[in-house]
Amino acid sequence: MTDAAAPSGFRRSFGLWVTQGPAVLILAILAGVVIGETPLPLSTVAAVFANRLWDAGLILDPIDAGIIWSYRLPRTLVAAGCGAGLALSGVVLQALVRNALADPYLLGVSAGAGAGAVAVTILGVGGGLLGISGGAFIGATLSFVVVAALARAAGGGSAQLVLAGIAGSQLFNALTSFLIAKSANAEQARGIMFWLLGNLSGVRWPDVMLAAPVAIIGFLICLWFARAMDAFSFGVSSAASLGVPVRQVQIVLIGAVTLMTATMVSLVGSIGFVGLVIPHAMRFIVGPRHARLVPASALAGAVFLIAADIASRMLIPGQVVPIGVVTALVGAPGFAMILVHSRRRL
Amino acid sequence: MRLAAKSVGWAAGSRRIVQEVSLEIAPGETFGLIGPNGSGKSTLLRLLAGLLARPFGAVLLDGDPLTSLSRRDIAQQIAVVEQIAETSEALSVRDVVELGRTPWLSALAPFGAQDRVIVAESLAAVDMADMAGHSWATLSGGERQRVQIARALAQRPRLMMLDEPTNHLDIHHQLSLLRLVGDLPVTVVMALHDLNQAMRCDRLGVMEAGRLVACGPPEDVLTTARLASIFRVRATRLRDPADDATVFRFQCLEE
C-alpha cells in the first residue's frame, strides 16, 4: 500500500486531487447538462452560460436555454451535491462506527424522512406550511435523535448504534406503511413510493442553493477531522489515547452526517448504496487514510450520482427511472465485487 | 514527570472494579502492576491514563489533575499500548506508527519532515524498519505488539503504559520486548502476569480485588506469604548460578 516513497507520493497525489478533482467534476457536470432526451451541443451550453453569467446577449432557442439553465443544470448540481454528501456520510460513519456496513441510512435517517414526508402529505401535518421536503427533513432529524438516544441508553457502543439504527428504521418504516395503508388513496401511495425511491425531476435552483452549501460545509468538516478519523482505526479508546477529544469529534461529525443526509434525502428522496459503495471503492483505490479518502469519496460520489441521473433519464425513452433504482442496480453488484475482491486481498 | 494517583477508583454500574488506589510513579522508573485475573490491573492503567469516564479520586500529572488537561495535552505525555489492538482498515505498518504523531499535529501543523524522522526512528527502535510497507493484517502477534510500541514511541511520550505487553508472545519475543521496554528512555508503567518478569521492575504494585495491597521493590513485595494468599501458589525462591538472580518456582496450593 504505502511504499518507501509514501510521503512525497502522498503530496503528489494530494496536489493531483486539488488540481484535477474540480476539473473532473466540471466535466461530469457538463456531461449531465449536454446528455438527455434532447441532446444539446456544447456550443449551445456555452452560449447559455455566456448569456446568463456575462449578459452576452447571444440569440438562442428559448426552449433549449430553458432546458439547460432551469432544468438540467440545477438537477445535475443537486445530483453532485447529494452524491458527495451521501458518500462523505458513509466515510464518516464507517470510520466512527468501525463497521463496514455502516451507511447514512444506518441512523434511520431515510426511514424517518419517509415517515415525515408521509405525515405531511397524508395527514396534513404542518397545515400546508411544510412541503414534502420540510416534512422529510424534520422526520429524518427526529428519527436520528431517537436512534442516538436509544444507542446511548443501550450503552453507547458502535454495535449498539447499529442495532438502534435497525430498530429505528423498522419503527419509522412501519409507521410509513401504517399511514399509507390507513389513509392514503392509490394516487397518494404511488406518489410517495416514487418519491421514496429517489427522484430528481422536480429539482430547481432553490434546491441547489440548499444542497451545494450543505455539501461544501460537510466536505470541509470531514477534511478538517481527517486525522481524527484516522485515529479511530483502532477504536474509540485508542483514539482518546492519541489525543482525540472523542466526544466532541463524534458530536460534530455525526451532526454533519445528519445535516447532509437529512438535507439530501429531503431534496431527492432516499438514494441507496452511494454511501455504502463509494467509500469502500475509494478505500480500494486511494487507501484507508482519510486525508485522501475524504476528497476522493466526495468527488467519486458526485460523479457517480451525476452518471446515475443521466442513466435514469436515458434508460427508458420517455420515462424516468427512479435514481435510487439505478444506484442500487449498479451499487449492489459493485458492492459484491468489492467484498469478494477485498477478501482475496487479505 | 511525576504521576500521582490519589484514592482513585472506578465502578461499572454498582460493581466497584478499582477502589481507593493511591500511588506515585517516579520519573524514569519502571513500575510493574501484578495481580490475579480480574484484580483491576487493566482498569487501573486506564484510570492512570485518564481514559475512563466518571472516575473517583484524582490522577495528577506534574501536579495538574488529568481532568483539567485536554486529551491532546495528555497524549503528548502519556502513550498507551493496550492488550488488544484490532482494525479492519487496510493500514500499513508505517500508517499505524504515523498515528502516534496525532497528538502533535493539527490542520495548521501538518505531518512534516521531522515527523517522518521520528516515525523512522520509532520503527528502527523495535526492529521493524524493514517491514514498514507491510500490511498490518499480515503481521504476527509479536510483530503487532512491536508496531504498537513503535506507535507509542512515535508519540514521544514521557510515560508509557503497557497492558500485559508479553501476552501471546513466544519466550524469545517476551524477553526481547521486556529488554526493549526496559531500555526505553521513558517512565514505564505496565501490567504483567509473569512474576519472574515482574522481578525486573524497579517497583511493583500488587492488586487484589480492586485494591492496591502492596507497593515497593520486588524483593519486599513478592514474599512467600503474599504469593500464597493472593496468587494461591506455594513459591520457592531459587538462585540462578549464572547471574545470581532470584527466580521463583510455583506450585499450586490446594484450596
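Whatever comes next refers back to the structure up there.
Let us look at the structure shown here. (Residues numbered from 1 in each chain as written. Chains lettered and ligands numbered in written order. Predicted model: local features only at pLDDT ≥ 70, side-chain atom pairs only at ≥ 80, totals over all residues. Heavy atoms only, no water.)

## Description of the environment of A307 of chain A
Let me state the cut-off plainly: Secondary structure is summarised from DSSP: a helix means a run of H or I of at least four residues, a strand means a run of E of at least two, and numbering begins at the N terminus for each.
As for its placement among the helices and strands, A307 of chain A is situated in helix 13 (residues 290-314). Between the C-alpha atoms of A307 of chain A and G32 of chain A, which are 275 residues apart in sequence, the distance is 7.3 Å.

## Here we look at the layout of surface pockets
What counts is decided by this rule: Residues are called lining when one of their atoms sits within 4 Å of a cavity or pocket point, these points coming from a 1 Å grid over the protein atoms alone, where a cavity is a set in which a 1.4 Å probe fits but cannot get out and a pocket is an open set with protein on both sides within 12 Å along at least five of seven lines. Grid points are joined across faces, edges and corners, and a volume is the space filled by probe spheres set on the points. Under the grouping applied here, Gly and all other residues not named as nonpolar or charged are polar, the nonpolar ones being Ala, Val, Leu, Ile, Met, Phe, Trp, Tyr, Cys and Pro and the charged ones Asp, Glu, Lys and Arg.
Looking at the largest pocket, its volume works out to about 1800 Å³. Surrounding the largest pocket, 48 residues form its lining, V236, V246, R247 and Q250 of chain A together with A53 of chain B being those nearest its centre. Per element, the largest residue contribution to the lining of the largest pocket is 7 residues, and it comes from helix 11 (residues 246-268) of chain A. Among the residues forming the lining of the largest pocket, the class breakdown is 29 nonpolar, 13 polar and 6 charged.

## Thoughts on helix 6 (residues 158-183) of chain A
All names here are of chain A. Quick note on the threshold: The span expected for a helix works out to 1.5 Å for each residue beyond the first. Only protein chains enter the area calculation, which uses a 1.4 Å probe; residues under 20% of their type maximum are buried, those over 50% are exposed, and those in between are partly exposed. In what follows, a contact means two residues having at least one pair of non-hydrogen atoms within 4.5 Å.
The first and last C-alpha atoms of helix 6 sit 37 Å apart over 26 residues, in line with the 38 Å expected at 1.5 Å per residue. Burial in helix 6 covers these residues: L161, V162, A164, G165, G168, S169, F172, T176, L179 and I180. Buried residues along helix 6 sit in contact with helix 3 (62-97), helix 4 (109-123), helix 5 (132-153) and helix 7 (186-196).

## Some points on the nonpolar core
For soluble globular proteins, nonpolar side chains are generally found buried alongside one another. How we decide: Note on terminology: a nonpolar core comprises buried Ala, Val, Leu, Ile, Met, Phe, Trp, Tyr and Cys residues joined through side-chain atoms within 4.5 Å.
Formed by 176 residues in total, the largest nonpolar core has its most connected members in L3, I34, L44, I78, I149 and M161 of chain B. Excluding its chain neighbours within four sequence positions, the residues that come into contact with M161 of chain B are L3, L45, L48, A49, I78, A79, V80, V81 and V189 of chain B.

## A look at the interface of chain B and chain A
Worth spelling out the cut-off: By definition, a salt bridge exists where a carboxyl oxygen of Asp or Glu is found within 4 Å of a side-chain nitrogen of Lys or Arg.
With 33 residues of chain B at the interface, the matching set in chain A holds 28 residues. Where chain B meets chain A, there are 3 salt bridges. Notably, a salt bridge pairs R289 of chain A with E98 of chain B, separated by 3.0 Å at the nearest N-O pair.

## Some details on the pattern of salt bridges
Counted according to the given criterion, the structure contains 12 salt bridges over all chains. A salt bridge links E82 of chain B to R46 of chain B, with the nearest nitrogen and oxygen atoms 3.8 Å apart. Residue E82 of chain B is found in the loop between strand 6 (78-81) and helix 3 (93-98), and its partner R46 of chain B is found in helix 1 (residues 41-48); the two are separated by 36 residues along the sequence. Connected via shared salt-bridge partners are D230 and R289 of chain A together with D95 and E98 of chain B.

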